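The chain contents come next:
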Amino acid sequence: MSENILVIGSGDQHFREYALRGLAERHRVLLIAQAPLAWQSPYVADHREVELMDRAQVLAAAKELAALHDVAGVLTWDEMQVRVAAEVGAELGVATMPVEAARACRDKARQRERFQATGVASARHLLAGSVAEAVTAADSIGYPVVLKPRGQAASIAVRIVRSEAELRETFALVRDAENPSIEDGLVLVEEFLAGPEIAVDSWVLDGRVVPFSISAKRTDYPPYFEEVAHVVGKVLDAKTEAAVREVVIAANEALGIDRAVTHTELMLTADGPKVVEVNGRLGGDLIPHLAEIAVPGLSIGGVLGAVATGRAPEPMPEPDRLVGIRFLYPASDLAFYDIEVPAGLADEPWVHEVRRVSEPGTELRLPPRQFLGRAGFVIATGDTVSDVDERLLALADKVSLAGTPLVDQKNQ
């Protein structure tokens, strides 16, 4: 009989169904969810519905399910549930990520401290609780600096600041965008790391850190770092990839991570790869699904299930293609209705998928008024990274977003 794995939070169907489906093909899924089951139903053996941000409710639901089923593993791919999942595992006596490691994954300042203590290449940083402290920190580090919430994800409200005037204008926005789990009000002021940004998904078990997917990240809407596209596959030359793998392994080890699949973000600086952050869960933005397309036979659900139950995943072949995703944003703030795809475009052999992810009537705004205000996405393949980038841009240009422009209330 398949082992039971407790999953905390299913995420959005468009972005996480592939993971839940792959997991359910190999294990019985016990799900703790925010809302009644809908698309998750075919994949779930038992579930409880709770307020996911209420730790006591999540723990009570986990204990109920554990009383009925023998739980062999606990996992989450929801950034906001990483620490809770570790605490649930500890309460149930099921091996999962150590709680202290999970705490570090949810606080970028803790990560920086561990990296500094263990010699992992990363950004210089200071914490600031006020504009005055932030100005002092930036003067010490040297402009440009990056202001960053410590407990957010997907680069939300992360901003490059090039002067004291910009810092004074920006500090409150960044502080107010912080996740409620960070209660001290301190904002990260960091050294700006210049260079291409990449991300690495790894499985970590019994002291082994094994990177299995590398992606190149594209950002836009400066001075913010909105993540707008990713390319997955052999995106690095052999020498750079070896250096990246070394830093990724050291960063995961520095945080004491175990029994997890992680997503490590790095900058390829002139001084070599430097860690931006380690996330204690599977990569988002469909990056792992792109890896499934790029790597023959790869099942992300299979990797998750193996690690959660204490088994090393099967060896993986090298990627045999390059795959990219680009998200569709309106040209200006929009009451979105639908995506319009020209006839025949989706039939091109290099077009893998075009999908709408926002419901009709959704109001989409551009950063900083809204982060991740996406109407949908396009996925394409190509022979080179630049080929994929060009095809994604061409696709995004040809797909149009129907809707009604939103009027800036301040200008009425």
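Summary of the structure given here. (Residues numbered from 1 in each chain as written. Predicted model: local features only at pLDDT ≥ 70, side-chain atom pairs only at ≥ 80, totals over all residues. Heavy atoms only, no water.)

### A look at the sheet that holds strand S6 (residues 145-148)
Taken together, the 4 strands give an open sheet; going across it, the order is S5-S8-S6-S7, and neighbouring strands pair in antiparallel fashion. In this open sheet, the two edge strands, each paired with only one partner strand, are strand S5 (125-128) and strand S7 (159-161). Strand-to-strand twist across the sheet, computed as the mean angle between neighbouring axes with direction ignored, equals 30°. Where S6 lies against S7, 3 bridges are found, and the strand directions are antiparallel. In the strand pairing of S7, leucine 147 is matched with arginine 159. Strands S5, S6 and strand S8 (187-191) of the sheet are contacted by helix H5 (residues 108-118), whose axis makes an angle of about 145° with S5. The strands that helix H7 (residues 164-176) touches are S5, S6, S7 and S8; relative to S7, the one it contacts most, it runs at about 155°. (Pairing = 2+ DSSP bridges. Helix = DSSP H or I, 4+ residues; strand = E, 2+ residues; numbered from the N terminus. Axes fitted to C-alpha atoms, helices over the stretch in contact; angles between N-to-C directions. Contact = heavy atoms within 4.5 Å.)

### Digging into the nonpolar core
Counting 46 residues, the largest nonpolar core has Phe115, Val244, Ile257, Leu266 and Val275 as its most contacted members. Of all the elements, helix H8 (residues 238-254) adds the most residues to this core, at 5 residues. For leucine 266, the residues in contact, after removing those within four places along its chain, are Pro196, Glu197, Ile198, Val200, Val244, Val247, Val248, Pro273, Lys274, Val275 and Val276. (Core = buried A, V, L, I, M, F, W, Y, C linked by side-chain atoms within 4.5 Å. Buried < 20%, exposed > 50% of the residue type's maximum accessible area, 1.4 Å probe, protein only.)

### Overview of the packing of helix H6 (residues 131-141) against H7
Remark: H6 packs on H7, axes separated minimally by 10 Å, with the N-to-C direction vectors making an angle of 145°. Where H6 crosses over H7, the two elements pack in a sense that is right-handed. Mapping the contact onto sequence places Val131, Ala134, Val135 and Ala138 in H6 and Glu164, Leu167, Arg168 and Phe171 in H7. Class assignment of the residues belonging to the contact of H6 with H7 gives a composition of 6 nonpolar, no polar and 2 charged. (Left-handed = near helix turned anticlockwise from the far one by under 90°. Nonpolar A, V, L, I, M, F, W, Y, C, P; charged D, E, K, R; others polar.)

### Some thoughts on the pattern of salt bridges
Counted by the stated rule, this structure contains 31 salt bridges. Overlapping salt bridges, with partners in common, bring together Glu197, Lys217, Glu227 and Glu265 in one network. (Salt bridge = Lys/Arg side-chain N within 4 Å of Asp/Glu carboxyl O.)

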